Amino acid sequence: MMRLFSIRRLLLAFSLNILSVASLAASADLSKDLPKELRIGFQKSSVNLTLLKHRQALEQQLKGVKVSWFEFTAGPQMLEALSVGSIDFATTGEPPPIFAQAAGSNLVYVGAEPAKPGVSAILVKQDSPIRTLADLKGKKIAIQKGSSAHYHVLRAVQQAGLQWSDITPVYLAPADARAAFERGSVDVWAIWDPYWAAIEQSAAPRILVTGKGLVNNLSHYLSARSFADKYPKVIQVLFEELTRSDTFVQKNRDEAVAIIAASTSLDKPTIASFLERRPRSPVVYLTQNIIDEQQRVADNFYQQKLIPKAVNVRDAVWLPPGTKL
């Protein structure tokens, strides 16, 4: 009996040693595959990234890596920075990477969050005569070019049976678009949260339509192909921690509201309204369904001659080594 007990102890010790060696090997492998710096682009709508920045989980997981954060007003500006090598990792809505790919950028899709159709809206003033999507004909609509709002307006125009040429798009960044909308220089503003939630709190515009039934509003994570190929374990760590950030938002709503409000300089009621509309958003590698949906968006933009050439989304999809669709 004593001998049997000793053998079991030896086997247990051996098993623990194997686990320890495996853990050390994994750490050693990760340390060999780390960049000196990880530069991350985010925007006010980037809930998971904002929480990740606050939690400093990357700094703990990626020892020795300098993690730098850069805020952008919208996705198109962020992908311009990614295209020229100023950042390594970014998140946007569906259209920005399509416009970037059509312009010849070497970015790749590395992951995505689920659909969020309820976090964008097409707004008019309370006293506006615009009551239906058909009433958009002949109207000036403020849009961030190449953004999720751009596609939202395109789908709204199509839903109304109109042509793109039936409206007058006024391409403005969110802050300039809000100013133009409030002073009456444009008739309509297409925008996403938290900018939508912010003007809701102060000016109470009328919602002509949200994204529900028109657009999916998936969020995509992007990187340079060279970075993703060289540092796949960094992408994996990012996704694990981003999903933990989303879990934090779901389980600690009041604290998340306070953190995001401080980060964005928006008030707590604005952020609370934004998060109320936002569904659970874990991060996953791309699936064929996600790629097919993104291709539909790209084809629509091309058919309307809003991008200069057709793009094959699959050409810009990155998957971890050994992974297949």
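Residues numbered from 1 in each chain as written. Predicted model: local features only at pLDDT ≥ 70, side-chain atom pairs only at ≥ 80, totals over all residues. Heavy atoms only, no water.

A. Here's a closer look at the overall build of the protein. Each helix and strand counted, the protein has 13 helices and ten strands in total. Along the three orthogonal principal directions, the C-alpha set of the protein runs to about 90 × 45 × 35 Å. Taking all 325 residues of the protein together, 51% fall into the buried category. Within the protein, residue pairs in contact and separated by at least 24 positions form 79% of the contacts whose partners lie at least 6 positions apart. For the protein, the computed accessible surface area is about 15300 Å², with 52% contributed by carbon and sulfur atoms. Of note, the protein has its 38 positive side-chain charges centred 4 Å away from the centre of its 29 negative side-chain charges. (Helix = DSSP H or I, 4+ residues; strand = E, 2+ residues; numbered from the N terminus. Buried < 20%, exposed > 50% of the residue type's maximum accessible area, 1.4 Å probe, protein only. Contact = heavy atoms within 4.5 Å. Areas by Shrake-Rupley, 256 points an atom, 1.4 Å probe, with all protein chains shown as cover. Lys, Arg positive; Asp, Glu negative; His and termini not counted. Charge placed at Lys NZ, Arg CZ, Asp CG, Glu CD.)

B. Focus on the pattern of salt bridges. Scanning all chains against the criterion turns up ten salt bridges. Residue Arg277 pairs with Asp193 through a salt bridge whose shortest N-O separation is 2.9 Å. With Arg277 in helix 12 (residues 268–277) and Asp193 in the loop between strand 8 (188–192) and helix 8 (195–202), this pair connects stretches of sequence that are 84 residues apart. The shortest N-O distance in the salt bridge between Asp246 and Arg278 comes to 3.1 Å. Residue Asp246 is located in helix 10 (residues 232–251), and its partner Arg278 is located in the loop between helix 12 and helix 13 (288–303); the two are separated by 32 residues in the primary sequence. (Salt bridge = Lys/Arg side-chain N within 4 Å of Asp/Glu carboxyl O.)

C. How the structure looks around the packing of helix 5 (residues 95–102) against helix 13. Orientation of helix 5 relative to helix 13, taken along the N-to-C sense of each, is 60°, at an axis distance of 10 Å. Judged on the interaxial angle alone, helix 13 and helix 5 are oblique. Classified by chirality, the crossing of helix 13 by helix 5 is right-handed. Residue-level inspection shows Pro95, Pro97, Ile98 and Phe99 of helix 5 in contact with helix 13, the latter providing Gln294, Val297, Ala298 and Phe301. Partitioned by chemical class, the residues of the contact of helix 5 with helix 13 number seven nonpolar, one polar and no charged. (Axes fitted to C-alpha atoms, helices over the stretch in contact; angles between N-to-C directions. Parallel < 35°, antiparallel > 145°, perpendicular 65-115°, else oblique. Left-handed = near helix turned anticlockwise from the far one by under 90°. Nonpolar A, V, L, I, M, F, W, Y, C, P; charged D, E, K, R; others polar.)

D. Spotlight on the sheet that holds strand 6 (residues 140–143). One open sheet accounts for five strands, arranged 7-6-8-5-9; its pairing is mixed. Strands at the two margins of the open sheet, each flanked by one partner only, are strand 7 (168–171) and strand 9 (206–210). Within this sheet the neighbouring strands show an average axis-to-axis angle of 30°, counted without direction. Pairing analysis gives two bridges linking strand 6 to strand 8, with the strands arranged parallel. From the neighbouring strand, Ile141 faces strand 8, where its bridge partner is Val188. Its contacts with the sheet put helix 8 on strand 5 (120–124), strand 8 and strand 9, and the angle it makes with strand 8 is roughly 125°. (Pairing = 2+ DSSP bridges.)

E. Spotlight on the pairing of strand 10 (residues 219–224). Where burial is concerned, most of strand 10 is hidden: five out of the six residues are buried. When strand 3 (residues 89–92) meets strand 10, the two strands line up antiparallel, connected through four bridges. Bridge pairing in strand 10 places Phe89 opposite Ser223. Two strands pair when backbone bridges link them, and strand 4 (residues 107–113) and strand 10 are joined in this way by six bridges, in the antiparallel orientation.

F. Broad picture of helix 11 (residues 253–264). Counted at 1.5 Å a residue, the expected span for helix 11 with its twelve residues is 16 Å, and the 16 Å between its end C-alpha atoms agrees. Three or more residues of helix 11 are buried, namely Ala256, Val257, Ile259, Ile260, Ala261 and Thr264. Taken together, the buried residues of helix 11 touch helix 2 (47–55), helix 10 and helix 12. Looking one or two residues past helix 11, Ser265 carries a phi angle of roughly 65°, positive in sign. (Expected span 1.5 Å × (residues − 1).)

G. The confidence of the model for the protein, seen in detail. Averaged over all residues, the pLDDT of the protein is 91; the fraction at 70 or higher stands at 90%. Here residues 1–28 scores under 50 on pLDDT; set against residues more than four positions off or in separate chains, the count is zero contacts. (pLDDT = per-residue confidence, 0-100.)

H. Broad picture of the packing of helix 2 against helix 11. Where helix 2 meets helix 11, the axes come as close as 10 Å, and the angle between the chain directions of the two elements is 90°. The orientation of helix 2 relative to helix 11 falls into the category roughly perpendicular. Seen from helix 2, the contacting residues are Val47, Thr50, Leu51 and His54; seen from helix 11, they are Ile259, Ile260 and Ser263. Class assignment of the residues belonging to the contact of helix 2 with helix 11 gives a composition of four nonpolar, three polar and no charged.

I. Looking closely at helix 10. The end-to-end C-alpha separation of helix 10 is 29 Å, in line with the 28 Å expected for 20 residues at 1.5 Å each. Taken as a whole, helix 10 has its buried residues at Pro232, Val234, Ile235, Val237, Leu238, Phe239, Glu241, Leu242, Ser245, Asp246, Phe248 and Val249.

J. Looking closely at the nonpolar core. Counting 65 residues, the largest nonpolar core has Leu136, Val153 and Trp189 as its most contacted members. Broken down by element, this core gets its largest block of residues, six residues, from helix 6 (residues 148–159). Leave out the neighbours within four places in its chain, and Trp189 touches Ala121, Ile122, Leu123, Ala142, Pro174, Ala177, Arg178, Phe181, Tyr195 and Ile199. Membership of the second largest hydrophobic core comes to 27 residues, among which are Phe42, Ala57, Trp69 and Phe227. (Core = buried A, V, L, I, M, F, W, Y, C linked by side-chain atoms within 4.5 Å.)

K. How the structure looks around the side chain of Thr270. Mapping Thr270 onto the fold places it in helix 12. Residue class for Thr270 comes out buried when judged on its relative accessible area of 2%. One polar contact links Thr270 to Asp267, side chain to side chain, over a distance of 2.7 Å. Residues within four places of Thr270 in sequence aside, it is in contact with Pro194, Ala197, Ala198 and Gln201. (Polar contact = N/O pair within 3.5 Å; in protein donor to acceptor, adjacent residues only side chain to side chain.)

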